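# Coordinates in review
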Amino acid sequence: MARTRLVTVPRRSGRVQQVGRQRHGAGGVDVGGFKDGDLNHPQGTAVDQKGNIWIANFYGLKGNRGQGNVIVYPHGDPSKAITITGGGLDHPFSLQIDGYGRAWVTNARLNGAKLLDTRVPKGHVGGSVTVIGPDFKPTSFSPIKDSSFDWPLGLAVDSKNNVWVPNFVSNSVTQIGPSGKITGVHKLPTTIAPWSVAVDGSDRIWIAGFGAPSVSVLCGVNTSACPPGSSTGSLLSPPHGYRSNSIQHLTAIQLDQSGNVWLANNWSKFLPPTGGNGLVELIGVGTPVCTPLTPVPTRPVTTGSTACPTPTSAQPK
């Protein structure tokens with residue numbers, strides 16, 4: 001495996017440049033952050049092809065069924081916030097935009113599981129996925145429900161608009177086709193409590209383990225990019241995933257245009273929970289992907305005037 005590098009981020013008092021309408025104190029710094037749309041424990045964010053900012057408004061860890069919504073800042077303008085409800089939204093946690101400009105959202109209400117007491121929920125937790133069109137309305141096939149969903153947190157879209165959803169409790173990854181149909185459930189051989197997922201330029205699926213600090217890799221829909229005999233969902237990494245003393249309990253994973261894989265150390269210790277130490281870079285292990293996502297993963301090209309295409313929205317077939 002390629003080299004691993006721990007990148008520490010210094011904790012310092014700093015200033016963030018104000019973007020959008022002016023609402024700031026001394027020195028031009030926004031003093032309260034953007035709260036438009038009645039944000040309540042916001043989690044995932046994404047930007048679509050039109051520059052709209054989408055926010056999964058989670059409403060906290062454990063709450064009543066059906067709480068939470070999705071907030072959109074049109075063209076990045078918080079003062080014009082749009083609130084989206086319906087479609088089975090239930091404590092939305094993460095969202096990603098597909099090539100059609102639709103937002104795919106995981107619904108992660110704990111359904112009574114005692115995460116704070118047990119650290120890893122016991123039994124079947126459930127969950128669902130909501131798809132919202134570029135018209136800001138949930139699609140007719142939302143919510144997507146399946147027995148394989150077991151506390152879905154992160155999700156990712158591949159170049160063919162398939163959606164990959166890791167299940168934290170059941171230690172599996174659910175594959176969803178562009179039409180919303182479940183097309184595969186891929187069980188991981190070692191319990192890692194997968195939290196987040198990313199797709200590289202060869203459509204391989206990179207999975208961040210929270211319960212067991214590790215990175216696992218699955219063959220995606222582009223089986224020609226995998227070893228001979230592989231099929232979609234085949235494990236490409238060791239059974240226990242790639243591990244390193246630098247890798248802690250992970251909540252985020254992403255790739256860059258050099259094929260480096262970046263990991264977010266969220267906790268350094270499980271019990272008692274202790275804050276993570278820096279970021280981890282797995283140097284050159286993945287296939288490069290255009291960044292920022294456009295919004296689906298696209299491999300940079302070496303010919304033409306630009307390495308990466310301009311984002312466009314196609315129409316669902």
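The following paragraphs examine the structure supplied in this document. Just so it is clear, the model here is predicted, and its values are computed rather than measured. Each chain carries its own residue numbering, running from 1 in the direction its sequence is written. Reporting of local features is limited, given that this is a predicted model, to residues whose pLDDT is at least 70; pairs of side-chain atoms are given and counted only at 80 or more, and all residues count toward the totals for whole chains, interfaces and linings. Working from all heavy atoms in the structure, the side-chain values ignore hydrogens and water.

### So, the overall build of the chain
Keep this limit in mind: The secondary structure listing takes helices from DSSP runs of H or I that are at least 4 residues long and strands from runs of E that are at least 2 residues long, numbered from the N terminus. Burial classes: relative accessible area under 20% of the type maximum marks a residue as buried, over 50% as exposed, and values in between as partly exposed (1.4 Å probe, protein chains only). The protein chains shown are the only cover counted for residues, whose accessible areas, like all others here, come from Shrake-Rupley with a 1.4 Å probe.
Secondary structure summary: the chain contains one helix and 19 strands in total. Looking at the chain residue by residue over its 317 residues, the buried ones come to 47%. Carbon and sulfur atoms form 51% of the exposed surface of the chain, whose accessible area is close to 14700 Å².

### Details of the pairing of strand β8 (residues 128-132)
The condition is simple: Pairs of strands are assigned from DSSP output, requiring at least two bridges between the strands.
Most of β8 sits out of view: five of its five residues are buried. In β8, alternate side chains face the same way, and those of Ser128, Thr130 and Ile132 on one face and Val129 and Val131 on the other are all buried. Sheet topology note: the strand β7 (residues 103-107)/β8 ladder contains five bridges and is antiparallel. Bridge pairing in β8 links Val105 to Thr130.

### A short note on the sheet that holds β8
The condition that has to hold: Lines are fitted to the C-alpha atoms to define the axes, a helix being fitted only along its stretch in contact, and any angle between axes, read from their N-to-C directions, falls within 0 to 180 degrees.
As summarised here, the arrangement of the three strands in space is β6-β7-β8, forming an open sheet in which the pairing is antiparallel. Taken across any chain shown, the strands that pair with only one partner, and hence form the sheet edges, are β6 (92-97) and β8. The average angle at which neighbouring strand axes cross in this sheet is 25°, direction not considered. Pairing analysis gives four bridges linking β6 to β7, with the strands arranged antiparallel. Paired with Pro92 across the strands is Asn107, a residue of β7.

### As for the packing of aromatic side chains
Which entries qualify depends on this criterion: Only the six-membered ring of Trp is used, alongside the rings of Phe and Tyr, when aromatic pairs are assigned; centres must lie within 6.5 Å, and planes under 30 degrees apart are stacked while those over 60 apart are edge-to-face, with the rest tilted.
Under the counting rule described, the total for this entry stands at eleven aromatic pairs. Pairing Phe168 with Trp195 gives two aromatic rings, centres 5.9 Å apart and planes at 80°, and the pair type is edge-to-face. Placement of the pair is Phe168 in the loop between β10 (163-167) and β11 (172-176) and Trp195 in strand β13 (residues 194-199), with a sequence separation of 27 residues. You can call Phe168 buried: its relative accessible area is 2%. A relative accessible area of 17% means that Trp195 is categorised as buried. When the centroid spacing of 5.9 Å and the interplanar angle of 65° are considered together, the rings of Phe210 and Phe270 count as edge-to-face. One end of the pair, Phe210, is in the loop between β14 (205-209) and β15 (214-218); the other, Phe270, is in the loop between β17 (261-269) and β18 (274-275), and 60 residues separate them in sequence. Overall, Phe210 belongs to the buried group, its relative accessible area being 4%. Through successive ring pairs, a cluster of aromatic residues spans Phe58, Phe93, Trp151, Phe168, Trp195, Phe210, Trp267 and Phe270.

### Things to note about the pattern of salt bridges
Cut-off, in case you're wondering: The salt bridge criterion pairs a side-chain nitrogen of Lys or Arg with a carboxyl oxygen of Asp or Glu, the two atoms within 4 Å.
Counting across every chain of the model gives three salt bridges. A salt bridge links Asp90 to Arg109; its shortest N-O distance comes to 3.1 Å. Within this pair, whereas Asp90 is found in the loop between β5 (82-84) and β6, its partner Arg109 is found in the loop between β7 and α1 (115-118), the two being separated by 19 residues in sequence. Like Arg109, Asp90 is buried. The residue Asp200 makes a salt bridge to Arg204 at a minimum N-O spacing of 3.2 Å. Taken as a pair, Asp200 and Arg204 share a single burial class, namely buried.

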